[in-house]
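So you can see what is in the structure, the chains are spelled out below.
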Amino acid sequence: DDPGVRRFPSWTGGAPGPTDAYRPDPGLDVAELAATGDGRLLVVERSFTSGAGNTVHLALATPRGDTLVRTPLADLGACPDLGAPTQQAQALQPA
């Protein structure tokens with residue numbers, strides 16, 4: 001496979017089945033998966049660039065043969081700020 005392709009195994013009756021190929025947006029990797037209950041997957045793709053912060057995309061993956069067809073749903077970095085006066089730098093908060 002191409003290095004940009006991720007493979008996800010399918011499961012049938014508790015046993016692993018064939019894998020499906022998924023290609024996230026260029027420069028992003030898969031962070032989380034959630035089954036939708038109808039055979040599709042909700043996929044969170046992300047990357048981090050020092051000095052720029054996080055890039056996070058949400059996509060829907062629909063099986064077609066041995067491939068998961070990617071449908072973009074949202075670029076979470078492009079969400080409206082709802083009037084926030086400043087964009088705060090990302091930092092870990094002490095526990």
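Keep in mind it's a predicted model, so treat the numbers as computed, not measured. (Residues numbered from 1 in each chain as written. Predicted model: local features only at pLDDT ≥ 70, side-chain atom pairs only at ≥ 80, totals over all residues. Heavy atoms only, no water.)

### Some points on the packing of aromatic side chains
At step 1: For the structure shown, the criterion picks out one aromatic pair.
At step 2: With 5.9 Å between their ring centres and 35° between their planes, Phe8 and Tyr22 make a pair best called tilted. In this pair, Phe8 is assigned in strand 1 (residues 6-12) and Tyr22 in strand 2 (residues 15-22), connecting sequence segments 14 residues apart.
At step 3: By relative accessible area, Tyr22 is classed as buried at 0%. (Phe/Tyr/Trp six-rings, centres within 6.5 Å; stacked < 30°, edge-to-face > 60°. Helix = DSSP H or I, 4+ residues; strand = E, 2+ residues; numbered from the N terminus. Buried < 20%, exposed > 50% of the residue type's maximum accessible area, 1.4 Å probe, protein only.)

### Some words on the pattern of salt bridges
At step 1: Summed over the entire model, instances satisfying the criterion amount to five salt bridges.
At step 2: We note a salt bridge from Asp2 to Arg23, for which the minimum N-O separation is 3.5 Å. Of this pair, Asp2 sits in the segment before strand 1 while Arg23 sits in the loop between strand 2 and strand 3 (29-35); the two residues are 21 residues apart in sequence, bridging distant segments of the chain.
At step 3: As a salt-bridge pair, Arg70 and Asp25 come within 3.1 Å of each other at their nearest N and O atoms. In this pair, Arg70 sits in strand 6 (residues 67-75) while Asp25 sits in the loop between strand 2 and strand 3, placing the two residues 45 residues apart along the sequence. (Salt bridge = Lys/Arg side-chain N within 4 Å of Asp/Glu carboxyl O.)

### Some remarks on the nonpolar core
At step 1: Phe8, Tyr22, Val30, Leu41, Val43, Ala59, Ala61 and Leu68 form the largest nonpolar core, which has eight residues in total.
At step 2: Secondary-structure elements contributing two or more residues to this core are strand 4 (41-49) and strand 5 (53-64).
At step 3: Discounting chain neighbours no more than four positions away, the residues touching Phe8 are Pro18, Thr19, Asp20, Tyr22, Val30, Leu33, Leu41 and Leu68. (Core = buried A, V, L, I, M, F, W, Y, C linked by side-chain atoms within 4.5 Å. Contact = heavy atoms within 4.5 Å.)

### Considerations on the side chain of Arg70
At step 1: Only 3.1 Å separates the side chain of Arg70 from the side chain of Asp25, close enough to count as a polar contact.
At step 2: Ignoring anything within four residues of it in the chain, the contact list for Arg70 reads Tyr22, Arg23, Pro24, Asp25, Glu45, His57, Ala59 and Leu60. (Polar contact = N/O pair within 3.5 Å; in protein donor to acceptor, adjacent residues only side chain to side chain.)

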